[in-house]
Amino acid sequence: IKAIRDVGKRVVLAAPPPTPGFDAGRCNERLTTGRWSFGGSSDCQFELASALARSRKLHDFLNQVSRENEVGVIALEDVICNAAENRCATRWDHTLLYRDVGHLSYEGSVAIAERMRLSRLVENLAR
């Protein structure tokens with residue numbers, strides 16, 4: 001971070017998307033075609049608490065780096081998940097957010113970036 005800042009650039013960190021723990025792309029494919037799905041919930045959503053538990057060490061590390069270097073962190077769960085309901089979406093209407101166990105689809109990435117106003121967020125968090 002110091003080396004990047006030394007050349008006059010600002011820094012912001014991005015956490016990976018919360019992982020469902022199952023193949024959300026396949027789950028949604030099966031759901032939309034009316035087939036049986038195994039390994040995910042019947043609506044292909046997943047629990048926020050479980051996703052955070054799976055990535056606890058990574059988030060602890062990002063938070064430590066953020067504090068020590070005064071740098072912002074973009075957390076995708078803020079837009080993908082509803083903390084009050086402890087639920088995370090894998091699709092919004094007809095837009096599939098995930099293509100597999102932990103990777104976002106192209107369309108999902110665009111939809112998430114638009115919904116969270118990513119360019120404005122990066123501008124505000126970069127230090």
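Above this text sits the structure in question.
Residues numbered from 1 in each chain as written. Predicted model: local features only at pLDDT ≥ 70, side-chain atom pairs only at ≥ 80, totals over all residues. Heavy atoms only, no water.

J.: Help me understand the packing of aromatic side chains, please; the structure alone is not making it clear to me.
T.: How two aromatic rings sit relative to each other is given by the distance of their centres and the angle of their planes. This structure, assessed with the given rule, holds two aromatic pairs. Taking the centre distance of 6.5 Å and the plane angle of 80° together, the rings of F22 and F46 count as edge-to-face. Placement of F22 in the loop between β1 (12-14) and α2 (24-32) and of F46 in strand β2 (residues 46-47) is noted, with a sequence separation of 24 residues between them. F46 carries the same exposure label as F22, and that label is buried. With a centroid separation of 6.0 Å and an interplanar angle of 80°, the aromatic rings of F46 and Y98 are classed as edge-to-face. Highlighted residues: F46 in strand β2 and Y98 in the loop between β7 (95-96) and α6 (106-115), separated in sequence by 52 residues. Y98 shares its class with F46; the two are buried. Directly above the aromatic system of W92 lies the positively charged group of R115, at a separation of 3.6 Å from the ring centroid. (Phe/Tyr/Trp six-rings, centres within 6.5 Å; stacked < 30°, edge-to-face > 60°. Helix = DSSP H or I, 4+ residues; strand = E, 2+ residues; numbered from the N terminus. Buried < 20%, exposed > 50% of the residue type's maximum accessible area, 1.4 Å probe, protein only. Lys NZ or Arg CZ within 6 Å of the ring centre and 35° of its normal.)

J.: Can you help me understand the nonpolar core in this one?
T.: The biggest cluster of nonpolar side chains holds 22 residues, and the ones touching the most others in it are L76, I80, W92, L97, Y98 and I112. Elements with a minimum of two residues in this core: α2, α3 (48-54), α5 (77-80) and α6. Once you skip the residues sitting within four places of it in the chain, I80 turns out to touch P17, P18, C88, A89, W92, L97, Y98, L104 and I112. Ranked by size, the runner-up nonpolar core spans six residues in total, among them V11, A15, L62 and V71. (Core = buried A, V, L, I, M, F, W, Y, C linked by side-chain atoms within 4.5 Å. Contact = heavy atoms within 4.5 Å.)

J.: When you look at the state of the cysteines in this model, what are you seeing that I'm missing?
T.: By definition, a disulfide is the covalent link that joins the sulfur atoms of two cysteine residues. Within the structure shown, the criterion is met by two disulfides. Across the disulfide from C27 sits C44; the S-S distance is 2.1 Å. Disulfide C27 to C44: torsion about the S-S bond roughly -95°, handedness left-handed. Separated by 17 residues along the polypeptide, C27 in helix α2 and C44 in the loop between α2 and β2 bring together distant segments of the chain. Comparing C27 with C44, the two get one shared label, buried. Through a disulfide, C81 is tied to C88; the S-S separation comes to 2.1 Å. What sets the handedness of the C81 and C88 disulfide is the S-S torsion sign, and at about 100° it is right-handed. Of the two residues, C81 and C88, both sit in the buried class. (Disulfide = S-S within 2.5 Å.)

J.: Looking at this structure, how should I read the sheet that holds β2?
T.: Strand pairs in the sheet, formed through backbone hydrogen bonds, run parallel or antiparallel to each other. The three strands are arranged β2-β5-β4 in an open sheet whose pairing can be described as antiparallel. For this open sheet the edge positions go to β2 and β4 (81-82), each flanked by a neighbour on one side alone. In this sheet, strand β5 (residues 87-88) lies alongside β4 in antiparallel orientation, the contact comprising two bridges. Looking across to β5, one finds that C81 is bridged to C88. (Pairing = 2+ DSSP bridges.)

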